[in-house]
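# Working through the structure, step by step
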Amino acid sequence: MPPRLRYSREFWETYAFLQESQEWAGERLAEYQLVMLRSLLQHAQANVPYYRSLFNEHGINPSEIASLDEFRRIPTLDKSVVRSHASEFVAESIGPSRRKLVRTSGTSGRALAIWEEKSVDEREWAFICHQWSRVGYQPGVYRAELRASFESKRGYQWDNWNRVLRLPPDIHRTREIVGWLEDSA
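Here is a short report on the structure shown in this document. (Residues numbered from 1 in each chain as written. Predicted model: local features only at pLDDT ≥ 70, side-chain atom pairs only at ≥ 80, totals over all residues. Heavy atoms only, no water.)

## Focus on the overall build of the protein chain
- Scanning the protein chain for helices and strands turns up seven helices and five strands.
- Going from the N terminus to the C terminus, the protein chain shows its helices and strands as α-α-α-α-α-β-β-α-β-β-β-α.
- Since a compact globule built from 185 residues should have a radius of gyration of about 16 Å, the 21 Å found for the protein chain marks it as more spread out than a globular shape.
- Oriented by its inertia axes, the alpha-carbon framework of the protein chain measures out at about 65 × 40 × 30 Å.
- A total of 185 residues make up the protein chain; the buried ones form 29% of that total. (Helix = DSSP H or I, 4+ residues; strand = E, 2+ residues; numbered from the N terminus. Rg over C-alpha atoms; globule rule 2.2 N^0.38 Å. Buried < 20%, exposed > 50% of the residue type's maximum accessible area, 1.4 Å probe, protein only.)

## Examining the packing of helix H2 (residues 9-21) against helix H6 (residues 120-133)
- Contact pair H2 / H6: the axes reach a minimum separation of 8 Å and the direction vectors enclose 40°. In this view, H2 runs oblique relative to H6, as classed from their interaxial angle. Both H2 and H6 take part in a crossing whose hand is right-handed. Residues Glu10, Phe11, Thr14, Tyr15, Leu18 and Gln19 of H2 touch H6, and the partners they reach there are Glu122, Arg123, Trp125, Ala126, Phe127, Cys129, His130 and Ser133. (Axes fitted to C-alpha atoms, helices over the stretch in contact; angles between N-to-C directions. Parallel < 35°, antiparallel > 145°, perpendicular 65-115°, else oblique. Left-handed = near helix turned anticlockwise from the far one by under 90°. Contact = heavy atoms within 4.5 Å.)

## Concerning the pairing of strand S5 (residues 164-167)
- Residues Val164 and Arg166 line one face of S5 and the alternating positions Leu165 and Leu167 line the opposite face, and both faces are buried.
- Bridging between strand S3 (residues 143-146) and S5 involves four bridges; their strand directions are parallel. Its bridge partner being in S5, leucine 146 is matched across the sheet by leucine 167.
- Of the pairings in the sheet, the one linking strand S4 (residues 157-159) to S5 comprises three bridges and is antiparallel in character. Directly across from glutamine 157, in S5, lies its bridge partner arginine 166.
- Two successive antiparallel strands, S4 and S5, enclose a turn made up of four residues, where arginine 163 displays a positive phi of approximately 60°. (Pairing = 2+ DSSP bridges.)

Written out as structure tokens, the structure is:
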């Protein structure tokens, strides 16, 4: 299936925006960031109980934020706050069918579970492809990944849908697999 059909509209719109906006002048980029920050904070105030309460407590009105520096007035979060107020971080405007529970890896000691909108995966993939485009990658082109986190009795994994060959980061094992694949071709 061609990449234009394989990836969602959300992916292509995000990817096209990133390709275009990378050429913006600093002033235009800062202006866009402020508009988007204000929009995000207004969404948080209207839909996320934790932020509604936090903004009220600190007298923060997102529509009045006039510079990125003013963003610093919002208290920072740490994982303990997110854990202790987990249900208050769920946006009321995103119904259960449009979200999924995701977990961090827990490398800092304990995994953190948060709700995420399902469409985030498509936007994240657009950001990754945009970064890779700087070295010539185009969405849907065959690629190889060195990855420790996949299960396979063969020692490698072929993902036909995404056109990716996943190999272990152990260089000796990877050379062995690539040699075997070349001999099999």
